[in-house]
Amino acid sequence: MVTNEVNSGGVDLHLNLSAGGSRRAALGDALRDAVRSGRLEPGTTLPSYRALAQDLGIARNTVADIYGELVSEGWLEARQGSGTRVAHRAGAVSRPSTSVVPAATRPKFDFRPGRPDPGSFPRTAWLTAARRAVDRAPLDAFGPGDPHGRIELRRALADYLARTRGVMTDARHIIICSGFSQAAQILTECAVAAPFALESYGLPFHRAIFGEAGPTAAVSVDHRGCTTDTLDTIDARTLVLTPSHQFPTGASLHPQRRTAAIEWARRRDGLIVEDDYDGEFRYDRTPVGALQSLDPDRVLYVGSVSKSLSPGIRVGWMAVPEFLLDTILAAKGEREATVGVVDQLSLAELIVSGAYDRHVRAMRTKYRRRRDELVRAVELRAPHVGAMGISAGLQAVLTLPPGTVNTVLRASSDVGLALESLEMFRHPSTEDVSPDAVLVGFSAPSERSYPYAVDALVSILELTAPNRRPA
């Protein structure tokens with residue numbers, strides 16, 4: 001049995017990566033097994049992304065993706081300034097035991113946010129695009145990968161982003177990446193970008209990535225998005241925003257604040273990183289254009305297909321200001337190491353053929369219907385529960401009566417319903433106070449199970465009514 005002995009950051013890890021399949025999957029399975037069996041005790045600090053990647057001989061973004069995946073599953077927790085630790089899980093084993101510890105069970109209804117409907121992946125269209133793309137590809141496409149990305153995809157994206165998101169760019173200024181996590185990792189290696197300021201709510205593993213470049217500042221958010229009146233008081237060169245649909249609170253950045261953010265970047269000679277993770281899914285009116293269109297020289301735009309197609313298709317893109325272009329290409333290295341050429345060519349063909357637009361429109365209709373069904377059920381049966389944010393994206397934020405969020409989370413877990421609280425996404429250094437609220441990812445449950453999932457959720461929410469009498 002081939003194993004990897006890892007000694008990083010004062011922690012010894014004995015991980016078996018010899019199982020079949022990809023190194024990424026093997027690392028995830030090995031870490032879950034180490035936590036499940038008790039070999040990694042709750043509270044144990046894991047090596048940094050860079051240290052573990054170097055010791056195992058794998059890409060740093062692979063380690064970052066696995067850490068983030070395990071944080072979302074509850075195996076690990078990421079805290080600002082203290083690295084990534086093994087989470088304290090109910091019933092966790094503290095030492096190796098002779099008893100059999102069952103594997104984590106898949107929830108009956110998965111309402112965790114950011115997960116598109118896996119049953120809606122356009123298999124036929126993707127296979128058709130892949131066949132055409134491979135058949136038409138020039139010979140040089142199958143040589144060493146270009147860190148800039150395939151020109152076919154960069155041209156297709158320049159056209160697509162201009163007409164659907166208002167992005168002002170061209171193929172030269174687009175750099176292909178595996179998604180926002182890789183874009184963030186690249187930026188942490190660019191001295192001109194640090195220090196970073198992030199919204200007071202966001203994904204913990206994104207904060208952990210930016211935190212590798214030093215402590216990150218937190219900028220408050222409210223119902224109009226990121227607040228901008230205090231930007232001049234923070235120590236930051238780069239501001240990371242989700243302006244079209246703030247994650248996870250669901251706000252859209254107010255036009256005046258968009259202008260204020262751009263003016264801050266100009267005064268500071270700084271940069272705004274725009275994470276447009278689900279900008280194509282706006283349901284109440286025409287989508288707001290990308291912030292990047294206000295100043296392409298001060299905004300680095302990032303997108304991917306993780307919400308529109310699948311997180312399994314590891315293809316993303318950056319529309320990069322001129323002053324950062326060479327720096328980012330140098331940080332990526334001499335060869336493309338993360339995004340496969342066939343996936344790039346296939347996506348380019350999917351876009352050029354119009355199949356990608358058709359798929360996005362179909363998913364927009366489906367997700368709008370699902371959100372409407374959820375909101376109607378809540379309004380009818382649990383009117384004391386509110387919905388926060390705009391009608392958009394793949395998740396809704398439901399606000400609960402004070403003091404009831406843990407009751408809802410426990411009751412949901414008891415019936416096999418996976419939910420996450422708003423609090424778990426709060427920046428640890430922010431002064432913002434989280435309301436009792438849960439995120440409901442309405443996109444992930446299957447079409448057949450969705451009505452039953454909504455019924456199970458709303459039945460739990462009914463129990464939190466302030467005037468409800470015990471049975």
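For the structure itself, consult the block above.
Everything in this summary refers to the structure shown in the same document.

The rules we used
Residues numbered from 1 in each chain as written. Predicted model: local features only at pLDDT ≥ 70, side-chain atom pairs only at ≥ 80, totals over all residues. Heavy atoms only, no water. Helix = DSSP H or I, 4+ residues; strand = E, 2+ residues; numbered from the N terminus. Buried < 20%, exposed > 50% of the residue type's maximum accessible area, 1.4 Å probe, protein only. Contact = heavy atoms within 4.5 Å. Pairing = 2+ DSSP bridges. Expected span 1.5 Å × (residues − 1). Axes fitted to C-alpha atoms, helices over the stretch in contact; angles between N-to-C directions. Patch = residues over 30% accessible without salt bridge, like charges linked within 9 Å, V, L, I, M, F, W, Y side chains within 5 Å. Areas by Shrake-Rupley, 256 points an atom, 1.4 Å probe, with all protein chains shown as cover. Salt bridge = Lys/Arg side-chain N within 4 Å of Asp/Glu carboxyl O. Arc of directions from axis to C-beta. Core = buried A, V, L, I, M, F, W, Y, C linked by side-chain atoms within 4.5 Å. Phe/Tyr/Trp six-rings, centres within 6.5 Å; stacked < 30°, edge-to-face > 60°. Lys NZ or Arg CZ within 6 Å of the ring centre and 35° of its normal. Parallel < 35°, antiparallel > 145°, perpendicular 65-115°, else oblique. Left-handed = near helix turned anticlockwise from the far one by under 90°. Nonpolar A, V, L, I, M, F, W, Y, C, P; charged D, E, K, R; others polar.

1. A closer look at the environment of Pro-321
And step 1. For Pro-321, the location among the structural elements is in the loop between β14 (316–319) and α9 (322–332).
And step 2. A residue is classified by how much of its surface remains accessible, and Pro-321, at 1% relative accessible area, is buried.
And step 3. Other than its neighbours up to four places away in sequence, Pro-321 contacts His-173, Leu-271, Pro-296, Asp-297, Val-299 and Leu-300.

2. With respect to the pairing of β14
And step 1. Alternating residues of β14 divide into Gly-316 and Met-318 and Trp-317 and Ala-319, and every residue in both groups is buried.
And step 2. In this structure, strand β13 (residues 299–304) lies alongside β14, joined through four bridges in antiparallel fashion. Bridge assignment links Tyr-301 to a residue of β14, and that residue is Ala-319.

3. Details of helix α10 (residues 341–353)
And step 1. Spanning 13 residues, α10 covers 18 Å between terminal C-alpha atoms, matching the ideal 18 Å at 1.5 Å per step.
And step 2. Looking only at α10, the buried set comprises Gln-344, Leu-345, Ser-346, Leu-347, Ala-348, Glu-349, Leu-350 and Ile-351.
And step 3. If you follow the buried residues of α10, they end up packed against α4 (123–136), α5 (151–165), β6 (174–177), β14 and α11 (355–381).
And step 4. Two residues or fewer past α10, Gly-354 is found with a positive phi of approximately 90°.

4. With respect to the sheet that holds strand β18 (residues 420–421)
And step 1. The strand order across the open sheet built from four strands is β15-β16-β19-β18, with neighbouring strands paired in antiparallel fashion. Every other strand in the sheet has two partners, leaving β15 (386–388) and β18 as the edge strands with one partner each.
And step 2. The pairing of β18 with strand β19 (residues 437–440) spans two bridges and is classified as antiparallel. Across the sheet, the residue bridging to Glu-420 is Leu-439, located in β19.

5. Some thoughts on the sheet that holds strand β7 (residues 196–199)
And step 1. If you trace the seven strands from one edge of the open sheet to the other, you get β6-β14-β13-β12-β11-β7-β8, paired in mixed fashion. Two strands close off the open sheet at either side, each with one partner strand: β6 and β8 (217–219). If you compare each strand with its neighbour and ignore which way they point, the axes differ by 20° on average.
And step 2. Against the sheet, helix α6 (residues 180–188) touches β6, β7, β11 (238–241), β12 (271–275), β13 and β14, its axis set at about 165° to β12.
And step 3. Packed onto the sheet, helix α8 (residues 255–268) meets β11, β12 and β13 and runs at close to 140° relative to β12.

6. What about a nonpolar patch on the surface?
And step 1. A cluster of nonpolar residues, Val-134, Phe-142 and Val-342, forms a patch on the protein surface that exposes about 230 Å² of accessible area.
And step 2. For Phe-142, the location among the structural elements is in the loop between α4 and α5.

7. Concerning the environment of Ala-25
And step 1. Tracing the backbone shows Ala-25 in helix α1 (residues 23–37).
And step 2. As for Ala-25 and Thr-62, which are separated by 37 residues in sequence, their C-alpha atoms are 9.6 Å apart.

8. Some details on helix α12 (residues 405–414)
And step 1. Looking at α12, one finds that the buried residues are Val-405, Val-408 and Ser-412. All buried residues of α12 project into a common sector of 60° when viewed along the axis, lining one side. More than 90 degrees from the buried face of α12, the exposed residues found are Arg-410, Ser-413 and Asp-414.
And step 2. Note on α12: the residue one or two positions beyond its end, Gly-416, has a positive phi of about 80°.

9. A look at the nonpolar core
And step 1. One finds Phe-111, Trp-317, Leu-347, Tyr-356, Leu-374, Leu-457 and Leu-461 to be the most contacted residues of the largest nonpolar core, which totals 58 residues.
And step 2. Ignoring sequence-local partners within four residues, the contact set of Trp-317 consists of Leu-157, Leu-161, Ile-174, Ile-175, Ile-176, Cys-177, Tyr-301, Val-302, Gly-303, Ser-304, Val-305 and Leu-347.
And step 3. Counting residues in each nonpolar core, the second largest holds 45 residues, with Ile-58, Leu-198, Val-240 and Leu-329 among its members.

10. Quick look at the packing of aromatic side chains
And step 1. One pass over the full model with this rule turns up nine aromatic pairs.
And step 2. For the pair Phe-121 and Trp-126, a centre-to-centre distance of 6.0 Å together with 55° between the ring planes defines the contact as tilted. Trp-126 matches Phe-121 in its accessibility class, with the two residues each being buried.
And step 3. Between Arg-298 and the ring centre of Phe-323, over which it is positioned, the NZ or CZ distance is 5.7 Å.
And step 4. Its guanidinium or amino end placed over the ring of Tyr-450, Arg-370 lies 4.9 Å from that ring's centre, counting from NZ or CZ.

11. Considerations on the packing of helix α2 (residues 49–56) against helix α3 (residues 60–73)
And step 1. Their axes nearest at 8 Å, the elements α2 and α3 cross at an angle of 120°. Taken together, the axes of α2 and α3 are oblique relative to one another. Seen along the crossing, α2 lies across α3 with a hand that is right-handed. Between α2 and α3, the residues in contact are Tyr-49, Arg-50, Leu-52 and Ala-53 and Arg-60, Val-63, Ala-64 and Tyr-67, respectively.
And step 2. Of the residues belonging to the contact of α2 with α3, the class tally is six nonpolar, no polar and two charged.

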